[in-house]
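Residues per chain are reported as follows:
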Amino acid sequence: MTEVAKFYILSHICISFIGGVLLLALWFNIRARFSQLLEENDSQKRVDKGLLYLNLAMFIWVISGCWIYGGTIFNYTETQGYQLAVNLFSIVNNMFLLLALFYFYYAPGFIYHHKKNIKKIIAVIILTSVLTFVLPFVLGENNIIKNIRISGIPDLMLSAFLCYLLGISFYRTFAYRGLRVIGVISILVIVLIFVSQISEVFLTFGNDFSNNFIKIIAKTSLISIFLVLATTWVIRLASTPKPNEITIHFLDWSLVKLNIPTKNIYDQTIDFGSKTTQYKNLLKFAIRRKYTEGEAQTIPVNLGGEIKNQTYLTRIIENINDILQLDDSQKLDRRDLFTFIGESKYRLRIVPNNISINKRLLDEFVESTENKTYKELI
């Protein structure tokens, strides 16, 4: 191992360890301060572990760095046990990154709280790592052709896929929190992460100094992005209204009175006007939340569900923000009014006692042909 490579490995270990400790401390502090918001649903505790899994991925970097450095010191880098351990670290690291995305609200829809898809991707990660370990023994001298390591191709393809998922998730998260510049930077960092792995397959790519320089910049920048992510999560949680402070009154068709002190919204009357679909969807959530319990309080939001897609939920929030002409500090987020329960199901966050519906309006709504099922709920 060259002096440059040793410098990279030692720097990688120290930076990952310090970043991991900082992120873990932040996660514990956030959990202690905002446990009520994170676990507000009594029927199904939903603890956000996204940052924790990112933290565990960082500690895997520390352990793998120590293993690699130890291999060079004690000369066991050519053994099967060494390579097996490297592949195991890769599996666990990728698995933790994937599990973190499971909790990312703005991750691609097929990942966010979809356990079946997560399990399938983890199976692909394990299969890819097995292939990476087995192929050198199967191919022998043919493993390297024209300075291309064949056994590294499956792992590079998997890295490209995971980097794509991370890039999309980070950009959306920061963009929706008003930090589009950081979102763009996060994409550039993810691209660097991928580029830093190219030399493992294309052996003539770059040189020892440039490859290790890219690796240390990419890892350091990614850890910084993780810390910024934790900070923005604190800000969002601090500005999220508590369920028992929100009150909503359905006064008449298209008319709603809303009270959210945290957002400086005090008994504001909202006229949805011609936007009857958004109004009816909000009323459906309110009826289920007020008059039912448990699973019946939720509405499936998917192609086969009562509400066809999440755009309808977003439009409710956008209409409220537009009608009240709220500034950036007051604007409502979808999670201020709706809680994601899992399996594409949502429910209103407002406590039942803080929901009131005009009796005449309620009678008209449940008697209509398209809403007959709601008559059985009240």
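See the structure above.
The written sequence of each chain sets the order in which its residues are numbered from 1. The predicted origin of the model limits local features to residues at a pLDDT of at least 70 and limits the giving and counting of side-chain atom pairs to 80 or more, whereas totals for whole chains, interfaces and linings rest on all residues. Heavy atoms from the whole structure form the basis of all side-chain values; hydrogens and water molecules are not counted.

Colleague: Explain the sheet that holds strand 9 (residues 355-357) to me, please; I cannot follow it from the model alone.
Modeller: Note: strands within a sheet are paired through backbone hydrogen bonds, in either parallel or antiparallel orientation. What makes two strands pair is DSSP finding at least two bridges between them. The way it works is that DSSP assigns letters per residue, a run of H or I at least four long becomes a helix, a run of E at least two long becomes a strand, and they are numbered from the N terminus. Across the sheet, 4 strands lie side by side as 5-4-3-9; this open sheet has mixed pairing. Unpaired on one side and paired on the other, strand 5 (265-271) and strand 9 mark the two borders of the sheet. Each adjacent strand pair in this sheet contributes to an overall mean axis angle of 15°, direction not counted. Alignment of strand 3 (residues 247-252) against strand 4 (residues 255-260), held across 5 bridges, turns out to be antiparallel. Residue pairing across strands places threonine 247 opposite asparagine 259, the latter belonging to strand 4. In this description, contact between two residues means that some pair of their heavy atoms is separated by no more than 4.5 Å. Geometry is summarised by axes, namely lines fitted to C-alpha atoms with helices restricted to the contacting stretch, and by angles between N-to-C directions that run from 0 to 180 degrees. Taken strand by strand, helix 9 (residues 276-291) contacts strand 3, strand 4 and strand 9, and its axis lies near 115° from that of strand 9. On the sheet, helix 10 (residues 311-324) packs against strand 4 and strand 5 and is oriented at approximately 105° with respect to strand 5.

Colleague: What's the story with a positive patch on the surface in this structure? I'm lost.
Modeller: Within this analysis, patches are made of residues with over 30% relative accessible area and no salt bridge. Like charges are joined at 9 Å or less; nonpolar side chains (Val, Leu, Ile, Met, Phe, Trp, Tyr) at 5 Å or less. Working definition of accessibility: Shrake-Rupley area with a 1.4 Å probe, residue cover restricted to the visible protein chains. In what follows, salt bridge is the name for a side-chain nitrogen of Lys or Arg lying within 4 Å of a carboxyl oxygen of Asp or Glu. Counting rule for charge: Lys and Arg are taken as positive, Asp and Glu as negative, and neither His nor the chain ends is counted. By convention, charge coordinates are those of NZ in Lys, CZ in Arg, CG in Asp, or CD in Glu. Taken together, the side chains of Lys115, Lys116, Lys119 and Lys120 make up a positively charged region of the molecular surface. Take lysine 119: it is sitting in helix 5 (residues 115-139).

Colleague: What should I look at first to understand the sheet that holds strand 6 (residues 299-300) in this one?
Modeller: The 3 strands lie next to each other as 6-8-7, forming an open sheet whose pairing is antiparallel. Of all the strands in the sheet, the pair left with one neighbour each is strand 6 and strand 7 (338-342). As paired elements, strand 6 and strand 8 (residues 345-348) share 2 bridges and run antiparallel to each other. Note on strand 8: the bridge partner recorded for proline 300 is lysine 345. Across the sheet, helix 9 touches strand 6, strand 7 and strand 8, and the angle it forms with strand 8 is around 80°.

Colleague: I'm lost on helix 6 (residues 153-176) in this one. Help?
Modeller: Along an α-helix, residues three or four positions apart point the same way, because every turn accommodates 3.6 residues. Take the number of residues in a helix, subtract one, and multiply by 1.5 Å to get its expected span. Across its 24 residues, helix 6 extends 35 Å between first and last C-alpha, which sits within 8% of the 34 Å expected from 1.5 Å per residue. Just downstream of helix 6, glycine 178 is the residue with a positive phi angle, here 80°.

Colleague: I tried to follow the pattern of salt bridges on my own but got confused; where do I start?
Modeller: The final tally for this structure, using the stated rule, is 9 salt bridges. For lysine 215, the salt bridge is made with glutamate 200, and the minimal N-O distance between the two is 3.3 Å. With lysine 215 in helix 8 (residues 208-239) and glutamate 200 in the loop between helix 7 (180-198) and helix 8, the pair connects residues that are 15 residues apart, well separated along the chain. A 1.4 Å probe rolled over the protein chains alone gives each residue an accessible area, and that area as a share of the maximum for its type sets the label: buried under 20%, exposed over 50%, partly exposed in between. For glutamate 200, a relative accessible area of 42% translates into the label partly exposed. Put simply, aspartate 363 and lysine 359 hold a salt bridge, and the shortest N to O gap is 3.1 Å. Residue aspartate 363 and its partner lysine 359 are both found in helix 12 (residues 359-367); the two are separated by 4 residues, about one turn of the helix. In the salt-bridge network here, residues are joined through shared partners; they are Asp252, Arg360 and Glu364.

Colleague: Teacher, can you tell me more about the environment of leucine 332 here?
Modeller: With respect to the element layout, leucine 332 can be found in the loop between helix 10 and helix 11 (334-337). Relative accessible area serves as the criterion here: at 6%, leucine 332 is assigned to the buried category. Setting aside residues up to four positions removed in sequence, leucine 332 forms contacts with Leu258, Ile260, Lys263, Ile265, Ile317, Ile320, Asn321, Leu326 and Leu337.

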